[in-house]
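The lines below spell out each chain.
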Amino acid sequence: MSSNSSDRQGPAARRAAVAEQVLADGSASAAELAERFGVSLMTIHRDLDELERQGIVRKFRGGVTAQPSGVFESNVQYRLKTMRAEKAAVADRALKLIEPGMAIMLDDSTSTLEIARGLRLGEITPLTVVTNFLEAINLLADQRGIHLMALGGDYDPLHSSFLGVSCVEAIEQLRVDVCFASTSAVRGGYAYHQEQHIVSVKRAMLDAAARNVLLIDHTKLARVALHRVVPLSRFDLLLVDDGASAQALRDLDEHKVTYEVCARSSPGAPTVTKGSDDRAGAT
């Protein structure tokens, strides 16, 4: 992109294009972006400062990334593009836990969004679905046979969801059969997340369900984030894709977690259950 075309484009449009590029690549150096968009390093750093302020990316020395860290969760647009096969595998198993007539709750994760995609097939009805995730609301809003309950609250564009005190209070008035949730990191018998206001909503959701199922892709195992969400003993089942390492699965075994490994390559294949025999003694 030439400097002239970048100038004509304007800073707002250029920043949107920079964000799209970083979200697609995962990370980039400031020098690469300055050359690509035909602007000075000073200009690109101003763009990146603004994108970081918006929570879309985070800066590091010499560059920028959309990838998560222990204190930073990726923008939803980045998360929508990553680990799709892994998320589809665990969601396919989760769908088998849903029966007609149930009331289920979906959190604002892109893992549970794959469940919503599966529900659009219309094979599990009637069904009540409760969620605070705008992406899931949009998917299910016109689905026949599904009673959709959208949780209100303060809209957070970075997560495309409704959060805050009013969302927690709305959840506390409900009782569902199953809550399907995901989180950013799992290690040492705990689920973790980077952001406190997300943690409070997830905890309320888990309290509102008779049964809780955690969906994660294998990259979240053996990682931690800033805030503990809950002990893994709060979940009746953990679903993870078959990219999980033996060492990470041993950590789940050591903490007596009931989990199933879900095959990515053949969605209809059986899963392998681990740790269920010792689950009743977990704390």
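Small disclaimer: the values here were computed from a predicted structure and weren't measured.

This part covers the nonpolar core. Formed by 37 residues in total, the largest nonpolar core has its most connected members in Met105, Ile171, Leu221, Leu232, Leu238, Val240 and Leu252. When near neighbours in sequence (up to four residues on either side) are disregarded, leucine 252 contacts Val186, Leu221, Leu232, Leu238, Val257 and Tyr259. By size, the runner-up hydrophobic cluster in this structure holds 29 residues, among which are Val90, Ile98, Ala136 and Val213.

Now for the side chain of aspartate 156. Note that aspartate 156 resides in strand β7 (residues 154–156). What aspartate 156 contacts, discounting residues up to four positions off in sequence, is Ser161, Leu163 and His197.

In this model, the chain carries an average pLDDT of 85, and 84% of its residues clear a pLDDT of 70 or more. Low pLDDT, under 50, characterises residues 1–8; the stretch is placed with 13 contacts to residues that sit more than four places away or in other chains. Across residues 276–283, where pLDDT falls below 50, the model places 14 contacts with residues more than four positions away in sequence or in other chains.

This part covers the packing of helix α2 (residues 11–25) against helix α3 (residues 30–37). Where α2 meets α3, the axes come as close as 11 Å, and the angle between the chain directions of the two elements is 130 degrees. Overall, the two elements α2 and α3 adopt an arrangement that is oblique. In this structure, α2 meets α3 at a crossing whose hand is right-handed. Taken together, the residues of α3 that come into contact with α2 (itself represented by Arg14, Ala17, Val18, Gln21 and Val22) are Leu33, Arg36 and Phe37.

On to the packing of aromatic side chains. Applying the stated criterion across every chain, the model contains two aromatic pairs. Arranged with centres 5.3 Å apart and planes meeting at 55 degrees, the rings of tyrosine 155 and phenylalanine 162 form a pair that is tilted. Consider the rings of tyrosine 190 and tyrosine 192, whose centres lie 6.5 Å apart with planes at 55 degrees: the pair is tilted.

Moving on, we come to the sheet that holds strand β11 (residues 190–193). The three strands are arranged β10-β11-β13 in an open sheet whose pairing can be described as antiparallel. Since the sheet does not close on itself, it has two edges, and those belong to β10 (185–187) and β13 (227–231), each with one partner. For this sheet the average axis-to-axis angle between neighbouring strands, irrespective of direction, equals 30 degrees. In this sheet, β13 lies alongside β11 in antiparallel orientation, the contact comprising four bridges.

Here we take up the environment of isoleucine 98. Inspection of the secondary structure puts isoleucine 98 in the loop between α6 (84–95) and β4 (103–106). With relative accessibility at 6%, the residue isoleucine 98 sits in the buried group. For the pair isoleucine 98 and isoleucine 124, spaced 26 residues apart in sequence, the C-alpha separation works out to 7.4 Å. The contact partners of isoleucine 98, leaving out residues within four places of it in the chain, are Ile104, Ile115, Leu119, Ile124, Leu127 and Phe180.

We now examine the environment of leucine 51. Mapped onto the secondary structure, leucine 51 falls in helix α4 (residues 41–53). Look at leucine 51 and you get buried, because its relative accessible area is 2%. Not counting residues up to four positions away in its chain, the partners in contact with leucine 51 are Arg15, Val18, Ala19, Ile56 and Val57.

A separate point is the side chain of glutamate 86. Along the chain, glutamate 86 falls in helix α6. Looking at glutamate 86, the relative accessible area reads 11%, which means it is buried. Here glutamate 86 is in contact with Asp217, His218, Asp241 and Arg264, once residues within four sequence places are set aside.

Strand order in the open sheet formed by three strands is β1-β3-β2, with antiparallel pairing between adjacent strands. The open sheet terminates on both sides in strands that have one partner only, identified here as β1 (27–29) and β2 (58–60). Taken pair by pair, the neighbouring strands of this sheet meet at an average axis angle of 20 degrees, ignoring direction. As defined by bridge partners, β1 adjoins strand β3 (residues 63–65) across three bridges and the pair is classed as antiparallel. For serine 29, the partnering residue across the bridge sits in β3 and is glycine 63.

Cut-offs used in this document
- Per chain, residue numbering runs from 1 following the sequence as it is written.
- pLDDT decides what is reported in this predicted model: residues at 70 or higher carry local features, side-chain atom pairs at 80 or more are listed and counted, and totals for whole chains, interfaces and linings draw on all residues regardless.
- Side-chain calculation: all heavy atoms of the structure are included, whereas hydrogens and water are not.
- We define the nonpolar core as a collection of buried residues of types Ala, Val, Leu, Ile, Met, Phe, Trp, Tyr and Cys that are connected through side-chain atoms lying within 4.5 Å of one another.
- Only protein chains enter the accessibility calculation, which uses a 1.4 Å probe; a residue whose area is less than 20% of its type maximum is buried, one above 50% is exposed, and one in between is partly exposed.
- Throughout, a contact is declared for two residues whenever any of their heavy atoms are within 4.5 Å.
- Here a strand is any run of E in DSSP of at least two residues, a helix any run of H or I of at least four, and the numbering for each starts at the N terminus.
- Scored from 0 to 100, pLDDT reflects the predictor's confidence in each residue.
- Where helices are involved, their axes are fitted lines through C-alpha atoms of the stretch in contact, as for all axes, and angles between N-to-C directions lie from 0 to 180°.
- Any angle that falls under 35 degrees is termed roughly parallel, while one over 145 is termed roughly antiparallel, one within 65 to 115 roughly perpendicular, and all others oblique.
- Here is the rule for handedness: rotate from the far helix to the near one, and if that takes an anticlockwise turn smaller than a right angle the crossing is left-handed, while a clockwise turn gives right-handed.
- Pairing of aromatic side chains here covers Phe, Tyr and the six-membered ring of Trp, requires ring centres within 6.5 Å, and sorts the geometry by plane angle: under 30 degrees stacked, over 60 edge-to-face, intermediate tilted.
- Only when DSSP finds a minimum of two bridges between them are two strands counted as paired.

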